[in-house]
Amino acid sequence: MQVQEVPVITLKELKAAIAQLEKEHQLAEDTKVFLNTGWDSVQEIAPDALKVAKVQAFTVEDPLSGEEFGGHSLLTKAEAMKAQGKIETAIIINNVY
């Protein structure tokens, strides 16, 4: 069975996307950044929310469908997630709530 994985944006892609948004929408330096959580409101991202941390890939099986899904966990929580993938350095946006 194939593991379903969500694509992850890279720093290079993020920089290019922001540059494109700035160009297309003439964004000001004080334009705020929010996270769309899929609920009724968007979440504020605090100025100190960006961190660098180690992450490790893991796989989890849906008990109903048997499908396997890939994800990542902070290295500090990787054992609990039974992570076995490659350890990588990543940019993390800490959730304020």
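The structure this text deals with has already been given above.
Residues numbered from 1 in each chain as written. Predicted model: local features only at pLDDT ≥ 70, side-chain atom pairs only at ≥ 80, totals over all residues. Heavy atoms only, no water.

**Some details on the side chain of Gln-56**
Relative to the elements of secondary structure, Gln-56 occurs in strand β4 (residues 50-61). Within polar-contact distance, the side chain of Gln-56 engages the backbone oxygen of Gly-85 at 2.8 Å. Look past the residues within four positions of Gln-56 in its chain and what remains in contact with it is Gly-71, His-72, Ser-73, Leu-75, Ala-78, Ala-83, Gln-84, Gly-85, Lys-86 and Ile-87. (Helix = DSSP H or I, 4+ residues; strand = E, 2+ residues; numbered from the N terminus. Polar contact = N/O pair within 3.5 Å; in protein donor to acceptor, adjacent residues only side chain to side chain. Contact = heavy atoms within 4.5 Å.)

**Observations concerning the environment of Pro-7**
Following the sequence through the fold, Pro-7 ends up in the loop between β1 (3-4) and α1 (11-25). The spatial distance from the C-alpha of Pro-7 to the C-alpha of Ala-19 is 20 Å, given a sequence separation of 12 residues.

**Considering the environment of Ile-92**
Tracing the backbone shows Ile-92 in strand β6 (residues 87-93). Considered as a pair, Ile-92 and Ala-49 are 43 residues apart in the sequence and their alpha carbons are 7.8 Å apart. Residue contacts for Ile-92: discarding those within four places in its chain leaves Ala-49, Leu-50, Lys-51, Ala-53, Val-55 and Leu-74.

**Some words on the pairing of strand β5 (residues 68-74)**
Of the strand pairs in this sheet, β1 and β5 are connected by two bridges, and their pairing is parallel. Bridging across to β5, Gln-4 finds its partner in Phe-69. By the bridge criterion, seven bridges tie β4 to β5 in an arrangement that is antiparallel. Paired with Ala-57 across the strands is His-72, a residue of β5. Connecting β4 to the antiparallel partner β5 that follows it, the hairpin turn spans six residues, and Gly-66 within it adopts a positive phi of roughly 80°. (Pairing = 2+ DSSP bridges.)

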